[in-house]
Amino acid sequence: MAMSLLNISGGRASMKRMLLLMLIAGICVSIEVVFGQAAAKGNGTDVSSSSSSRPSVVNIGTLYTYDSVIGRAAGPAIAAAVDDVNSDPTILPGTRLNLISHNTNCSGFLATVEVLQLMVNDVVAVIGPQSSGVAHIISHVVNELHVPLLSFAATDPTLSALQYPYFLRTTQNDYFQMYAIADIVSYFGWREVIPIFVDDDYGRSGISILGDALAMKRAKISYKAALAPGASKSQISDLLLKVNQMESRVYVVHVNPDSGLSLFSIARGLHMTTRGYVWIATDWLPSVVDALEPVDTDTMNILQGVIALRHHTQDTDLKKKFMSKWSSHKNSVGASGFNSYALYAYDTVWLAARALDVFLNEGGNLSYSSDPKLHETNGSAMNLSSMRVFDGGQEFLRTLLRMNFTGLSGQIQFDMDKNLVHPAYDVLNIGGTGSRRIGYWSDSSGLSTVTPEVLYTKPKNTSASSQHLYSVIWPGETSVVPRGWVFPENGKPLRIAVPNRISYVQFVSKDKNPPGVRGYCIDVFEAAINLLQYPVPHIYILHGDGKRNPVYNEIVQAVAEDFFLFALFLFSVMMQLLEMLQ
């Protein structure tokens, strides 16, 4: 009995010890869980979708040229957007965006170095660059590391190729801008244009699309005037002198905003901004003009009569609020030089933030792993192994592509080709100390004086009869639409075939006096030439030996082979038939 009581007493003591150990273990587990969650939130590696377990900091990078027309607008806008996101409790609760900026200095080489340095920070997205050429280079880096590249200013259409799966354009594609220019050319009845462009990825690709767009309007590029990046004033002058000797007087200028104004300044010195000339500039020019603070009278004087395209952004309350805030801080450091790229840059930050919020809510993983392709060789000091692959990069990219919200620049939504939906431009006519909007262009309606927001609610209609613009004041302060061409100074005169006949000589025949021919047909043709408001150099070339009437089929064949422009014998034959009928 005593032994039994002892066993019972010992059993109770054992049970107490077991319960005590279990209680202590439970407390330790709880402490470990709590501190484990805190550590996870601190290093940004937690994969839970609940807001309480989100990373406290997420890095995003930027790549652009600080001291540039686009950079001076985009930089303050990006910083403002990050501040607005971090102060908004409804977006990324418990998580702060950390901005890491790098300056590319308009250099493809420096951009490569900067993006490699940026990638060691485990960023979830890179905002930029502004240059299409730089975007081509660093796209290979983000492809390898699965980090989305969100560019607010790289407009080269070829960047939409499948070769660059992680490139996402958050501004308008130049594909649409070139079709807008083709519609303008067709609207005014011109048939040939000369593009003046910077010979890089941005310039070449845009002009290539322009050629396709013009062909659909039965127009063409008569000569491609390419400029080297960073061309000197003498090189620009030589090129302008060359194109000025050609027939077309319709010039499409597709250059960089930081150097484009020098082209117009040189053109004015060569008297190429006077009556009879047509200048059409792509969106680079409004980005420069809009950023002028205060307005530079000398600059505006060299741009009189120019037609330019600017990204169309709807005047919403959201945009007006941002513009008011920008104006109130325009005297502060960096808050100056506003243009449409500021709106796209601001919206790009919000696109990344909204997509990241959805990505985390859906259980997205902000983790990184080593890339087996990146390892040091032969004693390299580049520290390539410090760059890691974003494990959730592909899923995050898919999340970005399905975003749909209204930003400062309008609706932020992507189509199947990764372009922003509803592309549209303002058509501007520069005059005085500013510009006047003469209409709009959208892929839904072409040229119109009705806002794109209204037209997108209606069925698509791009017929020629529906194209409309307000009147234009052209170079030389004239409202008369320029003809768009002249006979070139070094051009060949018109070669006109005249049959050297032995009958019906009253219509056409050889003459000893200039121009070497005479007759009724010659008199009528000369009278028609004299009615023109411009000179038409021409020469008459006799066909035949004068001993027998020439074979008309031979003359027709010579015209078909471009030996003659046309033949006056057709008119003489008609006159003979009329005479026979009388």
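Small disclaimer: the values here were computed from a predicted structure and weren't measured.

1. Re the pattern of salt bridges
Taken as a whole and judged by the stated rule, the model has 14 salt bridges. Its salt-bridge partner being D84, residue K325 comes within 3.5 Å of it at the nearest N-O pair. One end of the pair, K325, is in helix α11 (residues 317–328); the other, D84, is in helix α2 (residues 69–86), and 241 residues separate them in sequence. Between D426 and R310 there is a salt bridge, with its nearest N and O atoms 3.5 Å apart. Note that D426 is positioned in strand β16 (residues 424–431) and R310 in strand β11 (residues 307–311), a separation of 116 residues in sequence. Taken together, the salt bridges that share partners define one network made up of D290, R310, D426 and R437.

2. Remarks on the packing of aromatic side chains
For the structure on display, the rule yields 20 aromatic pairs. The interplanar angle of 55 degrees and the centroid separation of 4.8 Å between the aromatic rings of Y251 and W279 together place this pair among those described as tilted. Separated by 28 residues along the polypeptide, Y251 in strand β9 (residues 250–254) and W279 in strand β10 (residues 278–281) bring together distant segments of the chain. Each member of the pair, Y251 together with W279, is buried. Here the aromatic residues Y251, F264, Y277, W279 and W284 are joined through ring pairs into a cluster of three or more.

3. So, the pairing of strand β17 (residues 434–442)
When β16 meets β17, the two strands line up antiparallel, connected through eight bridges. Bridge pairing in β17 places D426 opposite Y440. The loop that links β17 with its antiparallel partner strand β18 (residues 446–448) comprises three residues.

4. A word on the sheet that holds strand β1 (residues 57–64)
The five strands are arranged β2-β1-β3-β4-β5 in an open sheet whose pairing can be described as parallel. Each edge of the sheet is formed by a strand with only one pairing partner; in this case those strands are β2 (96–103) and β5 (167–169). Helix-sheet contacts for helix α4 (residues 132–145) involve β1, β4 (149–151) and β5, and the interaxial angle to β4 is about 155 degrees. Running over the sheet, helix α12 (residues 340–361) touches β1, β2, β3 (126–127), β4 and β5 and is turned about 140 degrees from β2.

What counts as what
The numbers attached to residues start from 1 for each chain and follow its sequence in the written order. Thresholds applied to this predicted model are a pLDDT of at least 70 for local features of residues and 80 or more for the giving and counting of side-chain atom pairs; totals over whole chains, interfaces and linings are not thresholded and use all residues. The side-chain quantities take in all heavy atoms of the structure and omit both hydrogens and water. Any Lys or Arg side-chain nitrogen located within 4 Å of an Asp or Glu carboxyl oxygen qualifies as a salt bridge. Under the scheme used here, helices are H or I runs from DSSP no shorter than 4 residues and strands are E runs no shorter than 2 residues, and both carry numbers assigned from the N terminus. Only rings of Phe, Tyr and Trp enter the pairing, Trp through its six-membered ring, and a pair is recorded when the two centres are within 6.5 Å. The plane angle decides the type: under 30 degrees is stacked, over 60 is edge-to-face, the rest tilted. Between buried and exposed lies partly exposed: a residue is buried under 20% and exposed over 50% of the maximum accessible area for its type, with that area taken using a 1.4 Å probe on protein chains only. Paired strands, in this sense, are two strands between which DSSP finds at least two bridges. In what follows, residue pairs with any heavy atoms lying within 4.5 Å of each other are defined as contacts. For helices, the fitted line uses only the C-alpha atoms of the stretch in contact; every axis is such a line through C-alpha atoms, and the angle between N-to-C directions lies from 0 to 180 degrees.

Purely spatial values, then, with no claim about function.
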